Amino acid sequence: MNIKKKCRYLCSASLIIFMFGLIRGIGGLIAMINSSEILIDINYSFIILILLIITCIALSAASVIVAIALFEQDRNYIFYGVLLLLTYIIYSLIQDYFILNKFISNSSVINLVAAGIAISLLLIGKKHLNKP
C-alpha cells in the first residue's frame with residue numbers, strides 16, 4: 001500500500017485535531033478575556049477563569065504536538081489522539097454545564113461531531129498502518 005493511501009486517514013485526523021487546538025485555543029482565549037457576556041455569565045472567581053484559560057492553552061499545545069506526530073504517521077500517537085479528543089469533549093461539557101450553566105451548547109455539539117469523525121479516522125488509519 002502506498003504512503004499516500006496510508007496517510008489519507010491519519011492526515012485527515014491530524015488536520016481535525018490541529019484545527020481543534022487552533023480554534024479552541026484562540027477562540028477560548030478571546031471568549032474568556034474579551035467577551036463581557038461570557039464573563040457576566042460566569043459566577044465563579046478569577047482563579048477559575050485563569051484555570052480555564054490555562055486548560056485551553058494546554059489542550060491547544062497538546063493538539064499541535066499530537067497532530068504533527070500523526071501527520072508523520074507515528075502509530076504510538078493514535079492512542080494520544082483519541083485521548084486528547086475525549087478530553088476536549090469532557091472539557092466542553094464541563095465548561096457548558098458547570099461554568100456557563102447550559103446543558104449543551106452548539107459549540108459542544110460541533111465538538112462532539114468533529115471528535116467522532118476524527119476518532120473514526122484515527123481507528124481506520126491505525127488499521128491501514130498495520131497492513132503491509
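Residues numbered from 1 in each chain as written. Predicted model: local features only at pLDDT ≥ 70, side-chain atom pairs only at ≥ 80, totals over all residues. Heavy atoms only, no water.

**Focus: a nonpolar patch on the surface**
Right, so step 1: A surface patch of nonpolar side chains, about 730 Å² in accessible area, is lined by Leu93, Tyr97, Phe103, Ile104, Val109, Leu112, Val113 and Ile117.
Right, so step 2: Those elements giving two or more residues to the nonpolar patch turn out to be α4 (77-99) and α5 (106-130).
Right, so step 3: By residue number, the principal contributor to the nonpolar patch is α5, which donates 4 residues.
Right, so step 4: Topologically, valine 113 is positioned in helix α5. (Patch = residues over 30% accessible without salt bridge, like charges linked within 9 Å, V, L, I, M, F, W, Y side chains within 5 Å. Areas by Shrake-Rupley, 256 points an atom, 1.4 Å probe, with all protein chains shown as cover. Salt bridge = Lys/Arg side-chain N within 4 Å of Asp/Glu carboxyl O. Helix = DSSP H or I, 4+ residues; strand = E, 2+ residues; numbered from the N terminus.)

**A closer look at the nonpolar core**
Right, so step 1: Core analysis: the largest hydrophobic core is formed by 24 residues, its most contacted members being Leu10, Ile17, Leu70, Ile78, Leu84, Leu85 and Leu122.
Right, so step 2: At the level of elements, α1 (3-34), α3 (46-71), α4 and α5 are the ones that each hand at least two residues to this core.
Right, so step 3: Apart from residues no more than four positions distant in its own chain, isoleucine 78 is found in contact with Leu10, Leu70, Leu122, Lys126 and Leu129. (Core = buried A, V, L, I, M, F, W, Y, C linked by side-chain atoms within 4.5 Å. Buried < 20%, exposed > 50% of the residue type's maximum accessible area, 1.4 Å probe, protein only. Contact = heavy atoms within 4.5 Å.)

**Describing the environment of isoleucine 94**
Right, so step 1: Relative to the elements of secondary structure, isoleucine 94 occurs in helix α4.
Right, so step 2: Taking the C-alpha atoms as reference points, isoleucine 94 and isoleucine 104, 10 residues apart in sequence, are found 9.4 Å from one another.

**A closer look at the confidence of the model for the protein chain**
Right, so step 1: For the protein chain, per-residue confidence averages 75 on the pLDDT scale, and residues scoring 70 or more make up 77% of the total.
Right, so step 2: Confidence scores differ between elements of the protein chain, with helix α2 (residues 36-41) showing the lowest mean pLDDT of 56 and α5 the highest of 82. (pLDDT = per-residue confidence, 0-100.)

**Focus on the environment of valine 66**
Right, so step 1: Mapped onto the elements, valine 66 comes out in helix α3.
Right, so step 2: Considered as a pair, valine 66 and serine 14 are 52 residues apart in the sequence and their alpha carbons are 7.5 Å apart.
Right, so step 3: Residues contacting valine 66, with those up to four places away along its chain left out, are Ile17, Tyr77, Tyr80, Gly81 and Leu84.

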